[in-house]
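# Coordinate analysis (summary)
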Amino acid sequence: MGTTQQHPPSDLGPESGGSGVVGGGSVYAAPPPTAPEASSNTDGGRPGMRRLALGSASGVVPLARDFTRQALYDWGWMPAPTADRRAAAEDVLLVVSELVTNACLHAEGPEELRVSLDAKVLRLEVEDRGPGQPAPRTPHRAGRPGGHGMFIVQRLCLDWGVVRSPDRPGKTVWAELAAPA
C-alpha cells in the first residue's frame, strides 16, 4: 500500500531519534566485487538497522533488492498474509531499486545501502559519490522513457530527501515508507 505525497524533498528529513545514520556516518571500505559486505546490527547493536556495502560490487540493483527482501523477512513484513501487506513490501523493494538505479545512472554509483526499521516507519538510505541533486521529473509525462525513478519514490514514500556531508563528496538520498497496518 503506497501513499501519495505531493511535496518537494526536505534537506534533513524528520527527526528520527537516531534511527539511522544521516550524513555524518562512517565511511566503509568497499568490499571485493565478488563478495559485497552485508552486515546487520552494526549501528550500536540495534536489530532494526542493516547495511550493505555496494562500492565495487557488480549487479548492485538485484543485490540491493535481495538484501532488502531478506531484512523484510527477518522483520516479519514477509511473507505477507494480506494484499495490503504484500503491496507494502513490494513498494519497499521498488523504492530500493529506484534509489540504487538512480545512484548508478546519475551519481557515480552507490557506496552503501542502509535499511532501518523504527516503530512503524521503514527508512532506506543510499549513499553515493555524485554531486547532483535528485528530483522528480516535472512535469511528469507518462509514456516517456526514463526519468521516472524519483517520481515513483515521491509517490510511494511518506517523505524523502538528501543529506550532504561537508567532509566528503557525494550525498545520502533517503526515503521513508509506512509499515503496513
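Residues numbered from 1 in each chain as written. Predicted model: local features only at pLDDT ≥ 70, side-chain atom pairs only at ≥ 80, totals over all residues. Heavy atoms only, no water.

### As for helix α1 (residues 60–74)
Helix length check: α1 (15 residues) gives 21 Å between terminal C-alpha atoms against 21 Å at 1.5 Å per residue, within 8%. Looking at α1, one finds that the buried residues are Val60, Ala64, Phe67, Thr68, Ala71 and Leu72. Considered in projection along α1, the buried side chains sweep an arc of 140° and stay on one side of the axis. Looking one or two places after α1, you find Gly76, whose phi comes out positive at around 85°. (Helix = DSSP H or I, 4+ residues; strand = E, 2+ residues; numbered from the N terminus. Expected span 1.5 Å × (residues − 1). Buried < 20%, exposed > 50% of the residue type's maximum accessible area, 1.4 Å probe, protein only. Arc of directions from axis to C-beta.)

### Quick look at the packing of helix α2 (residues 83–106) against helix α3 (residues 149–156)
Following both chains from N to C, one finds α2 and α3 inclined at 145°, their axes separated by 9 Å at the closest point. Crossing angle aside, the handedness with which α2 passes α3 is left-handed. Residue-level inspection shows Asp91, Leu94, Val95, Glu98, Leu99 and Asn102 of α2 in contact with α3, the latter providing Gly149, Met150, Ile152, Val153 and Leu156. (Axes fitted to C-alpha atoms, helices over the stretch in contact; angles between N-to-C directions. Left-handed = near helix turned anticlockwise from the far one by under 90°. Contact = heavy atoms within 4.5 Å.)

### Observations concerning the pattern of salt bridges
If you walk through the whole model with that rule in mind, you get 11 salt bridges. Taken together, the shared-partner salt bridges in this structure form one network comprising Arg51, Glu112, Arg114, Arg123, Glu125, Glu127, Arg168 and Glu176. (Salt bridge = Lys/Arg side-chain N within 4 Å of Asp/Glu carboxyl O.)

### Description of the packing of α1 against α2
In the contact formed by α1 and α2, the axes pass within 9 Å of each other and the chain directions differ by 150°. With respect to each other, α1 and α2 are oriented roughly antiparallel. For the pair α1 and α2, the crossing hand works out as right-handed. Where α1 approaches α2, its residues Val60, Val61, Ala64, Arg65, Thr68, Arg69 and Leu72 are matched on the opposing element by Ala89, Glu90, Val92, Leu93, Leu94, Val96, Ser97, Val100, Thr101 and Cys104. Tallied by class, the residues present in the contact of α1 with α2 amount to 11 nonpolar, 3 polar and 3 charged. (Parallel < 35°, antiparallel > 145°, perpendicular 65-115°, else oblique. Nonpolar A, V, L, I, M, F, W, Y, C, P; charged D, E, K, R; others polar.)

### Examining the side chain of Glu127
With respect to the helices and strands, Glu127 occurs in strand β4 (residues 121–128). Residue classification places Glu127 among the buried residues on the basis of a relative accessible area of 8%. With near-sequence residues (within four places) excluded, Glu127 lies in contact with Pro110, Glu111, Glu112, Arg114, Arg168, Lys171 and Thr172.

### Things to note about the environment of Gly170
Structurally, the position occupied by Gly170 is in the loop between β5 (159–163) and β6 (171–178). Sequence spacing of Gly170 and Pro110 is 60 residues, and the spatial spacing of their C-alpha atoms is 9.5 Å. With residues up to four places along the chain from it excluded, the contact list for Gly170 reads Asp128, Arg129, Gly130 and Arg164.

### A short note on the nonpolar core
Membership of the largest hydrophobic core comes to 35 residues, with the highest contact counts inside it found for Trp77, Val95, Leu99, Leu113 and Leu124. Per-element tally for this core: the top contributor is α2, with 9 residues. In this view, Trp77 contacts Leu72, Ala88, Ala89, Val92, Leu117, Leu122, Ala178, Ala179 and Pro180; residues no more than four positions away in its chain are not counted. (Core = buried A, V, L, I, M, F, W, Y, C linked by side-chain atoms within 4.5 Å.)

### A look at the pairing of strand β2 (residues 49–53)
Taking burial as the measure, the 5 residues of β2 include 5 buried ones, the bulk of the element. With burial as the criterion, each face of β2 is covered, one bearing Met49, Arg51 and Ala53 and the other bearing Arg50 and Leu52. Where β2 and strand β3 (residues 110–118) come together, 5 bridges link them in antiparallel fashion. Paired with Met49 across the two strands is Ser116, which belongs to β3. (Pairing = 2+ DSSP bridges.)

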